[in-house]
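The primary structure of each chain is shown beneath.
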Amino acid sequence: MIPDLSADLGFLKLKNPIIAASGTFGYGLEFTPFIDLNLLGGIAIKGLHFSPKEGNPPPRLVETPAGLINAIGLQGIGVEEFAIKVLPELRKYNTAILVNVCGTSDEEYAAVVEYLSPKKGISAFELNISCPNVKKNGLCPALSPEATYTLIKLAKKNSGLPIIAKLSPNVTDIVEIARSAQEAGADGISLVNTFLAMAVDIQTRKPKLANVLGGLSGPAIKPIALRMVYQVASQVKIPVIGMGGIMSAQDALEFLIVGARAVQVGTANLVDPDATVRIIRELEEYCQKNGIEKIEKVIGSIKIERTDR
Ligand SMILES: Cc1cc2nc3c(=O)[nH]c(=O)nc-3n(C[C@H](O)[C@H](O)[C@H](O)COP(=O)(O)O)c2cc1C
């Protein structure tokens with residue numbers, strides 16, 4: 001039996017639920033020496049501001065025992081170079097292209113989606129609302145339900161394509177933020193982005209990152225990310241894309257079982273460039289071994305006897 005791995009996000013059908021996560025997979029084309037992009041459910045490209053952006057000074061990456069702290073600072077090529085040089089190559093592959101969008105103001109997010117909406121080959125926008133937004137006193141919009149609502153509403157108005165709101169885990173009540181995104185008209189939600197973190201060099205007593213703070217990703221965050229995806233998926237109607245520390249099909253399945261309709265693989269790509277394709281293969285094997293004809297059957301199949309969680 002060849003299992004059906006297809007995933008349905010409502011606004012978008014994927015050949016399988018595995019998407020490469022933004023910032024860990026370049027613009028996709030960098031991975032063509034290692035894997036066949038046609039095998040992927042989708043690719044979330046590195047975040048784009050309207051104009052090119054240099055990012056933070058180095059050091060920008062620190063390894064931790066079970067993860068990675070990054071402070072890349074959303075380095076990117078901007079919309080014009082992406083549309084002219086990257087997209088024509090990327091759309092030759094049979095995989096969904098999610099454009100990760102950044103902004104220093106609500107208007108910049110709106111300008112990015114407006115500029116790129118008519119370009120051929122993009123399946124949806126994933127709004128990285130979990131990055132610093134200068135206009136909102138240095139806070140990122142996904143830390144506040146009101147800021148999330150206003151930004152998503154404006155982006156929806158200016159976009160000709162579906163909008164996925166990518167949420168920050170650095171909040172007390174993730175469900176409240178997810179509900180705001182849904183009310184504002186988001187077509188889907190992806191979570192989680194990285195957890196605010198820090199590392200110190202005990203010899204120099206300086207922070208290991210030039211930016212002082214960074215975002216923690218990788219296996220260290222998986223159980224917390226899973227909890228958040230579970231909470232959100234059970235409380236919103238729009239589809240949820242889960243991520244955070246997925247290294248294997250076992251990890252991916254946990255997210256699907258708690259209700260994610262698709263998942264993203266991030267830090268794993270930096271350890272093993274073949275990670276996405278390996279996980280797809282492992283998912284197929286899991287379905288075969290367990291007599292599961294459609295992976296969709298697994299989604300939201302968590303068995304919980306208590307009803308107060
Ligand atoms: C080096 C690096 C760069 C990232 N850049 C972005 C980005 O541009 N936009 C974004 O939304 N998320 C970005 N992320 C967050 C990832 O997409 C993902 O949400 C997070 O790392 C958790 O997944 P993981 O544990 O599988 O890496 C970045 C993560 C890393 C490690």
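See the structure above.
Criteria and cut-off values
Residues numbered from 1 in each chain as written. Predicted model: local features only at pLDDT ≥ 70, side-chain atom pairs only at ≥ 80, totals over all residues. Heavy atoms only, no water. Axes fitted to C-alpha atoms, helices over the stretch in contact; angles between N-to-C directions. Helix = DSSP H or I, 4+ residues; strand = E, 2+ residues; numbered from the N terminus. Parallel < 35°, antiparallel > 145°, perpendicular 65-115°, else oblique. Contact = heavy atoms within 4.5 Å. Nonpolar A, V, L, I, M, F, W, Y, C, P; charged D, E, K, R; others polar. Near = heavy atom within 4 Å. Polar contact = N/O pair within 3.5 Å; in protein donor to acceptor, adjacent residues only side chain to side chain. Areas by Shrake-Rupley, 256 points an atom, 1.4 Å probe, with all protein chains shown as cover. Pairing = 2+ DSSP bridges. Buried < 20%, exposed > 50% of the residue type's maximum accessible area, 1.4 Å probe, protein only. Salt bridge = Lys/Arg side-chain N within 4 Å of Asp/Glu carboxyl O. Phe/Tyr/Trp six-rings, centres within 6.5 Å; stacked < 30°, edge-to-face > 60°.

## Brief notes about the packing of helix α5 (residues 222-233) against helix α6 (residues 249-257)
Viewed as axis vectors pointing N to C, α5 and α6 meet at an angle of 25°, and their least axial separation amounts to 9 Å. By the criterion of interaxial angle, the relationship of α5 to α6 is roughly parallel. The segment α5 lies against α6, with K222, A225, L226 and V229 engaging D251, E254 and F255. Of the residues belonging to the contact of α5 with α6, the class tally is four nonpolar, no polar and three charged.

## Points about the site of the ligand
Of all residues adjacent to the ligand, which total 24 residues, the nearest are S22, K166, G218, G245 and T267. A distance of 3.0 Å separates an oxygen atom of the ligand from a polar atom in the backbone of G266. Within the complex, the protein chains bury 97% of what would otherwise be the 610 Å² of accessible surface of the ligand. Of the residues assigned to the shell around the ligand, the class counts are seven nonpolar, 15 polar and two charged.

## Structural notes on the sheet that holds strand β11 (residues 195-197)
An order of β5-β6-β14-β11 is seen for the four strands of this open sheet, with the pairing classed as antiparallel. Edge positions in the open sheet fall to β5 (61-64) and β11, since each of these has one partner strand only. Each strand axis lies, on average, 35° off the axis of its neighbour in the sheet, ignoring direction.

## Things to note about the environment of N269
Here N269 shows up in helix α7 (residues 268-271). In this structure N269 comes out as buried when scored by relative accessible area, which is 3%. Sequence separation between N269 and M247 is 22 residues; the distance between their C-alpha atoms is 8.7 Å. The contacts of N269, once residues within four sequence positions are left out, are A20, A21, T24, F25, F31, A275 and T276. There is a polar contact of 3.3 Å between the side chain of N269 and the side chain of T24.

## Here's the deal with the pattern of salt bridges
Under the defined criterion, the tally for this structure stands at eight salt bridges. Among the ionic pairs, K92 bridges to E89, the shortest N-O distance being 3.1 Å. In this structure K92 comes out as exposed when scored by relative accessible area, which is 60%. D187 is the partner of K156 in a salt bridge, and the nearest nitrogen-oxygen pair spans 2.9 Å. One end of the pair, K156, is in helix α3 (residues 145-158); the other, D187, is in the loop between α4 (174-183) and β10 (188-191), with 31 residues separating them in the sequence. K156 gets classed as partly exposed once you look at its relative accessible area, which sits at 29%. Look at D187 and you get partly exposed, because its relative accessible area is 22%.

## Here's the deal with the packing of aromatic side chains
Taken as a whole, this structure holds four aromatic pairs when the rule is applied. Ring geometry for Y27 and F82: centres 6.3 Å apart, planes at 45°, overall tilted. In this pair, Y27 sits in the loop between β3 (18-20) and β4 (42-44) while F82 sits in helix α1 (residues 78-90), placing the two residues 55 residues apart along the sequence. Residue classification places Y27 among the buried positions, given a relative accessible area of 11%. Consider the rings of F50 and Y115, whose centres lie 5.7 Å apart with planes at 80°: the pair is edge-to-face. Taken together, the residues F50 in the loop between β4 and β5 and Y115 in helix α2 (residues 106-116) connect sequence positions 65 residues apart. With relative accessibility at 34%, the residue F50 sits in the partly exposed group. The exposure class assigned to Y115 is partly exposed, which follows from its relative accessible area of 26%.

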